[in-house]
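# A closer look at the structure
Okay, here's what each chain looks like letter by letter:
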Amino acid sequence: MSQGYKPSLDFVSKVMKQVHAYEASRTSFVEWLISHPFIRYALAGGGALLGIFKTAPVF
């Protein structure tokens, strides 16, 4: 490092503001999975089929 380099006083706050903005813009895998319509329909249909197959031996 050169002797004349002096970082700005608010360097950390600027960088952390960018990091927080980046993290806020990301969606987690769980949020994506829950909000995806195909996955929701597949889970609902799978649950219905399992319910039907579990109750079929009762009759």
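Residues numbered from 1 in each chain as written. Predicted model: local features only at pLDDT ≥ 70, side-chain atom pairs only at ≥ 80, totals over all residues. Heavy atoms only, no water.

### What to know about the overall build of the protein
Filter applied, for reference: Strands are runs of DSSP state E lasting at least two residues, helices are runs of H or I lasting at least four, and both sets are numbered from the N terminus onward. With C-alpha atoms as the basis for the radius of gyration, the globule rule is written as 2.2 Å multiplied by the number of residues raised to the power 0.38. The buried label goes to any residue with under 20% of its type's maximum accessible area, the exposed label to any with over 50%, and the partly exposed label to all in between, with areas taken from a 1.4 Å probe on protein chains only. Accessibility throughout is a Shrake-Rupley quantity obtained with a 1.4 Å probe, and a residue counts as covered only by protein chains that appear here.
In terms of regular secondary structure, the protein is built from three helices and zero strands. Listed by position from the N terminus, the elements making up the protein come as α-α-α. The C-alpha radius of gyration of the protein comes to 26 Å, more than 25% above the 10 Å expected for a compact globule of 59 residues. Along the three orthogonal principal directions, the C-alpha set of the protein runs to about 85 × 20 × 15 Å. Relative to its 59 residues, the protein shows a buried fraction of 0%. When the accessible surface of the protein is summed, it comes to about 5900 Å², and 69% of that surface belongs to carbon and sulfur atoms.

### Regarding a nonpolar patch on the surface
Using the following cut-off: A residue counts toward a patch only above 30% relative accessible area and without a salt bridge, and it is joined to like-charged neighbours within 9 Å or, for Val, Leu, Ile, Met, Phe, Trp and Tyr, to nonpolar neighbours within 5 Å. Here a salt bridge means any side-chain nitrogen of Lys or Arg lying within 4 Å of a carboxyl oxygen belonging to Asp or Glu.
Taken together, the side chains of F11, V12, V15, M16 and V19 present a nonpolar region at the surface, about 410 Å² in accessible area. Classification of M16 as partly exposed rests on a relative accessible area of 39%.

### Remarks on the environment of A48
With respect to the element layout, A48 can be found in helix α3 (residues 37-55). Assessed through its relative accessible area of 42%, A48 is described here as partly exposed. Each C-alpha atom, one on A48 and one on E23, is 37 Å from the other, the two residues being 25 residues apart in sequence.

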